[in-house]
Amino acid sequence: MSERLSGGEMLIRALQDEGVEHVFGYPGGAVLHIYDAIFKQQRIEHILVRHEQAATHMADGYARSTGKPGVVLVTSGPGATNAVTGIATAYMDSTPIIVISGQVPSGVIGTDAFQETDMVGVSRPVVKHSYLVRTASEIPQIVKEAFYIACSGRPGPVVIDVPKDATDPSVLFDYDHPQSVSLRSYAPATRGHRGQIKKAVDAMLGAKQPVIYAGGGVIQGDAAAPLTRLARRLGFPVTNTLMGLGGFPGDDDQFLGMLGMHGTFESNMAMHHADLIFAVGARFDDRVTNNPGKFAPEAKIVHLDIDPASISKIINADIPIVGPAAEALAEIDRVAERRLEADPDRLDRDALAAWWKRIGDWRDAHGLDHDQRHRSGLNGTLLPQQVVQAVYRATDGQAFVTSDVGQHQMFAAQYYKFAEPRRWINSGGLGTMGFGLPAAMGVQFAHPGRAVACITGEGSFMMNMQELSTCMQYALPIKIINLNNQALGMVKQWQDMQYGGRHSHSTYRDALPDFKALTESFGHVAYRIDALAELDDVMADVFGPKHKDDLVFVDAHIDPEEHVYPMAVKGGAMDDMVLERIDGRDDIREDV
Amino acid sequence: MRRLLAILLENEAGALSRVIGLFAQRNYNIETLSVAPTEDPTLSRLTLSTEGDENRIEQITKHLNRLIEVVKVVDLTDGDHIERELMMIKVRATGEVRDEIKRASEIFRGQIIDVARDAYTIQLTGTSDKLDAFIRAMDEANILEVVRSGVSGVGRGEKILSL
Ligand SMILES: Cc1ncc(C[n+]2csc(CCOP(=O)(O)OP(=O)(O)O)c2C)c(N)n1
Ligand SMILES: [Mg+2]
């Protein structure tokens, strides 16, 4: 039997029926009816944030770490526009979030009413889909569809814009939870094409210098296990994109590390010299390929992706496969298994051994563990790489790690070896500074009791640090590792390398707050370190039982001169990398 | 190369703006666009002409298909097809030019659909090239107003674009 509910109540009930446990939000006039409906129920916990952008990143972190959609509730006008950066962040990294925005009453839409913005219009280029509720009776169906669309196929954010009159508490409707969704115009692929898969396997078995290039689609598509199985069966080297880290065990011998602009020497060299690249859930981003015209000249490309629009967009695929990563990889593995059973010599094991030898040589010469890798800490200061490695040790490699954008993000990606998917959470596509802390909060809500670290930079941290207050309110024991180089380090690095060291507006040394005092003023625990000697002890405390229930902020003062290497040479091929700082010589400016 | 895309779209508020928005957002160009509901009032049919090489058209088609409200997309220029555009052109028609215009209009199988003391309005249907040719045939100085519908297209034979 159906219940009689108002529009606002139906909205909340529909969220409950979708299994939602947390809503990240911030109230305002247009959503007051909805907030009243929240007040009258217990099943959903609403988390009051301090800024709507942060709410979207929390929902995003929640979604990335669980695979379940994150939900956001904001008011109309400024509440809605504040959420746009977070929606765009989720869109670029294909994460499922649902953003419910209040809207002015339908009767005044279009009149420039107080706090009116065309949210459907403003968010259009950065959503997978969006709805403007026209009548309250549509709400249950719209919510059902929104969740289905956000989570299926290539996931993405969905906006539901709800005019205030559609949530009117005095107008009641029969509420029924819709059991199913049927959208005649939306049918994401459910399996990879069998013929294409066979072709792909044949190509792979014949490869002499193969690389598996795996991206965020492996994480989103819950395909880490079949990917790992296949890679082990074939003995192929695997590299991950920034978004794909954890999709293959980071400490595995077959793992080459991250590829791309700041990828490892061996992964970029292997890509450049490969005769076959198997791209899975990756999109040949320009931060990976460098100059597409010079990309992997010898390689045959096998490309598996759920989104046909990602295939042959930048680099033409010789063997495209459209399908969900987990299903298609499992089938590829089955076919490979059968072929190898029938004829174990289908793989050219001698060629593979020679290929691994070359890779090993690259790794020995310029890999991340190479002693000469970070040489600029000569003046005795702490190096960012050392801090990340200490976090790795103190957490046994088992933490969830979120990050922001800049040098610290690249150091975290390079030096924290992610053993499992959904552990590394960062804004790869949009590169949103301010993502790290709120994302970590979302992760902590989803995983109470688990170690959650946010490796950030002081610039990024200051973009959403108001959330320290939210962390206090909800007692979130996040560990914030602030790689403090007193600068917009990544910008400064580019200025060092491409603008003759002219640091135009990338430093603010004398204007920074005392981060320890700042965090303490929010009621949290804080440390400041600047010497290597204290590093491991502090990290042991931070991640140990002593601070199990505390938010701890570690203000790590690192060598401000350190650069991230390797760094791709602008306009070059993937094997064109600057490997270390040689003063005066890494000015690699390319005039156009 | 010029391409003609036929798109079946949910006839819903906001659906058209997503198609248009996609072209703007991805830096694709729309040359002409015509749209109206089909015999099934829940569907709209759009014909869109654009420029691009094969790769670009493939990308456009894929991105269009990604839009939830797009039901089907076909590149009509891939096969045999018929395309038509409607034009209403108002020209200054005085003195001896009046007859000249009338003759030209007959040659192009146009119809004069409105007559004023100093002007004719001519209706013309055909391919875009034909309409271009008619415009060229008019003395530029006499052209007062040109209204074109944008191209509509349909595949030849028994091929149909439907659900
Ligand atoms: C919202 C936003 N604005 C600007 C940028 C451009 N940007 C990329 S990295 C960076 C510097 C980040 O500084 P910090 O957080 O201190 O990190 P660091 O590079 O110093 O480790 C800037 C400004 C961005 N990514 N996001
Ligand atoms: Mg910094």
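As the structure is a computational prediction, the values presented were derived from the model and not from experiment.

> Just checking my understanding: could you explain the overall build of chain A for this structure?
A tally of regular secondary structure across chain A gives 21 helices and 22 strands. In terms of C-alpha radius of gyration, chain A reaches 25 Å, essentially the compact-globule figure of 25 Å for 592 residues. Across the 592 residues that make up chain A, the buried fraction comes to 59%. Long-range pairs, those at least 24 residues apart, make up 75% of the contacts in chain A with a sequence separation of at least 6. Looking at chain A as shown, the accessible area adds up to about 22200 Å², and 51% of this sits on carbon and sulfur atoms. With 54 positive and 74 negative side-chain charges, chain A shows a separation of 5 Å between the mean positions of the two kinds.

> Hey, could you run me through the site of ligand 1 in this one?
All names here are of chain A. As a matter of local geometry, ligand 1 sits amid 18 residues, with Gln407, Gly431, Ser460, Asn485 and Gly489 nearest to it. Measuring from an oxygen atom of ligand 1, one finds a backbone N or O atom of Gly489 at 2.7 Å. Taken by itself ligand 1 offers 580 Å² of open surface, and the protein chains cover 76% of this. Contributing elements (two or more residues each) for the shell around ligand 1: helix H15 (407-415), helix H17 (458-461) and helix H19 (489-498). Looking at side-chain class alone, the shell around ligand 1 contains 8 nonpolar, 9 polar and 1 charged residues.

> What's the story with the coordination of the magnesium ion (ligand 2) in this structure? I'm lost.
In an ideal octahedron of six donors the angles at the metal are 90 or 180 degrees, and in an ideal tetrahedron of four donors they are 109.5 degrees. Residues and elements named next belong to chain A. Listed as protein donors to the magnesium ion (ligand 2) are Glu458 (OE), Glu458 (OE), Asn485 (OD1) and Ala487 (O); their distances from the metal cover 2.1 to 2.6 Å. Coordination at the magnesium ion (ligand 2) is irregular, judged from the 6 donor atoms that bind it and the angles of 51 to 179° they form at the metal. Within one chain, the residues donating to the magnesium ion (ligand 2) are spaced in sequence as E-x26-N-x1-A. In this pair, Glu458 sits in helix H17 while Asn485 sits in the loop between strand S18 (479-484) and H19, placing the two residues 27 residues apart along the sequence. Each member of the pair, Glu458 together with Asn485, is buried.

> Would you explain the sheet that holds strand S12 (residues 276-280) of chain A in this entry?
Across a sheet, strands are paired by hydrogen bonds formed along the backbone, either parallel or antiparallel in direction. Residues and elements named next belong to chain A. Spatially, the 6 strands line up as an open sheet ordered S11-S10-S9-S12-S13-S14, and their pairing is parallel. Among the strands making up the open sheet, the edge pair consists of strand S11 (255-258) and strand S14 (319-322). Sheet twist, expressed as the average angle between the axes of neighbouring strands with direction ignored, equals 15°. Bridge count for strand S10 (residues 238-240) against S11 is 2 bridges, and the pairing is parallel. Within S11, the residue paired with Asn240 across the bridge is Met258. This element, helix H13 (residues 349-366), spans strand S9 (210-214) and S11 of the sheet and lies at about 45° to S11.

> What am I meant to see in the packing of aromatic side chains here?
How two aromatic rings sit relative to each other is given by the distance of their centres and the angle of their planes. Residue and element names in this part refer to chain A. Applying the stated criterion across every chain, the model contains 16 aromatic pairs over all chains. Between Phe461 and Phe515, the ring centres sit 6.0 Å apart and the planes meet at 65°, which makes this aromatic pair edge-to-face. A residue pair is termed long-range when its members are at least 10 positions apart, and Phe461 in helix H17 and Phe515 in helix H20 (residues 515-521) qualify at 54 residues. Here Phe461 and Phe515 have matching classes, each one buried. With a centroid separation of 4.9 Å and 55° between ring planes, the pair formed by Phe461 and Phe553 is classed as tilted. One end of the pair, Phe461, is in helix H17; the other, Phe553, is in strand S20 (residues 552-557), with 92 residues separating them in the sequence.

> Teacher, can you tell me more about the packing of helix H10 (residues 265-273) of chain A against H13(A) here?
When two helices pack together, their arrangement is given by the angle between their axes and by how far apart the axes lie. All names here are of chain A. At a minimum axis distance of 8 Å, the contact between H10 and H13 shows a crossing angle of 145°. Of the two elements, H10 crosses H13, and the hand of that crossing is right-handed. Packed against H10, whose contacting residues are Phe265, Glu266, Met269, Ala270 and His273, the element H13 presents Trp355, Arg358, Ile359, Trp362, Arg363 and His366 at the interface. Counted by class, the contact of H10 with H13 contains 6 nonpolar, 2 polar and 3 charged residues.

> When you look at the sheet that holds strand S2 (residues 32-37) of chain B in this model, what are you seeing that I'm missing?
Residues and elements named next belong to chain B. One open sheet holds the 4 strands; their spatial order is S2-S3-S1-S4, and the pairing between them is antiparallel. Each edge of the open sheet is held by one strand with a lone partner, namely S2 and strand S4 (70-75). Adjacent strand axes in the sheet meet at a mean angle of 15°, parallel and antiparallel pairs treated alike. Pairing of strand S1 (residues 2-10) with S4 involves 5 bridges; the strand directions are antiparallel. By the bridge assignment, Ala6 is partnered in S4 with Val74. Sheet contacts for helix H2 (residues 54-66): S1, strand S3 (43-51) and S4; angle to S4, the most-contacted strand, approximately 165°.

> Can you help me understand the interface of chain A and chain B in this one?
Size of an interface: often given as the accessible area lost when the parts come together. Contact with chain A, which involves 17 residues of that partner, is made by 18 residues of chain B. When the two sides are added together, the surface that chain A and chain B hide from each other amounts to roughly 1600 Å², 46% of it contributed by carbon and sulfur. It is A:Arg124, A:Arg184 and A:Ser185 that lose the most area in chain A upon contact with chain B, and together they represent 38% of the buried surface on that side. The tally of links between chain A and chain B comes to 2 salt bridges.

> In this structure, what is going on with unusual backbone geometry? I would like to understand it.
In most cases, non-glycine residues show a negative phi, while peptide bonds are predominantly trans. Residues and elements named next belong to chain A. Each neighbour pair has its own omega, and for Tyr565 with Pro566 the value is -5°, a cis peptide bond. With respect to the secondary-structure elements, Pro566 resides in the loop between S20 and strand S21 (567-568). Despite not being glycine, Asp112 shows a phi value in the positive range, around 55°. Counting through the fold element by element, Asp112 comes out in the loop between strand S5 (97-103) and helix H5 (119-123). A positive phi is found at Gln115, a non-glycine position, where the angle reads about 55°. By the secondary structure assignment, Gln115 is in the loop between S5 and H5.

What counts and what doesn't
Residues numbered from 1 in each chain as written. Chains lettered and ligands numbered in written order. Predicted model: local features only at pLDDT ≥ 70, side-chain atom pairs only at ≥ 80, totals over all residues. Heavy atoms only, no water. Helix = DSSP H or I, 4+ residues; strand = E, 2+ residues; numbered from the N terminus. Rg over C-alpha atoms; globule rule 2.2 N^0.38 Å. Buried < 20%, exposed > 50% of the residue type's maximum accessible area, 1.4 Å probe, protein only. Contact = heavy atoms within 4.5 Å. Areas by Shrake-Rupley, 256 points an atom, 1.4 Å probe, with all protein chains shown as cover. Lys, Arg positive; Asp, Glu negative; His and termini not counted. Charge placed at Lys NZ, Arg CZ, Asp CG, Glu CD. Near = heavy atom within 4 Å. Polar contact = N/O pair within 3.5 Å; in protein donor to acceptor, adjacent residues only side chain to side chain. Nonpolar A, V, L, I, M, F, W, Y, C, P; charged D, E, K, R; others polar. Donors = N, O, S within 2.8 Å, 3.2 Å for Na, K, Ca; no water. Tetrahedral: all angles 85-135°; square planar, octahedral: opposite > 155°, others 65-115°. Pairing = 2+ DSSP bridges. Axes fitted to C-alpha atoms, helices over the stretch in contact; angles between N-to-C directions. Phe/Tyr/Trp six-rings, centres within 6.5 Å; stacked < 30°, edge-to-face > 60°. Left-handed = near helix turned anticlockwise from the far one by under 90°. Buried area = accessible area lost by both parts, 1.4 Å probe. Salt bridge = Lys/Arg side-chain N within 4 Å of Asp/Glu carboxyl O.

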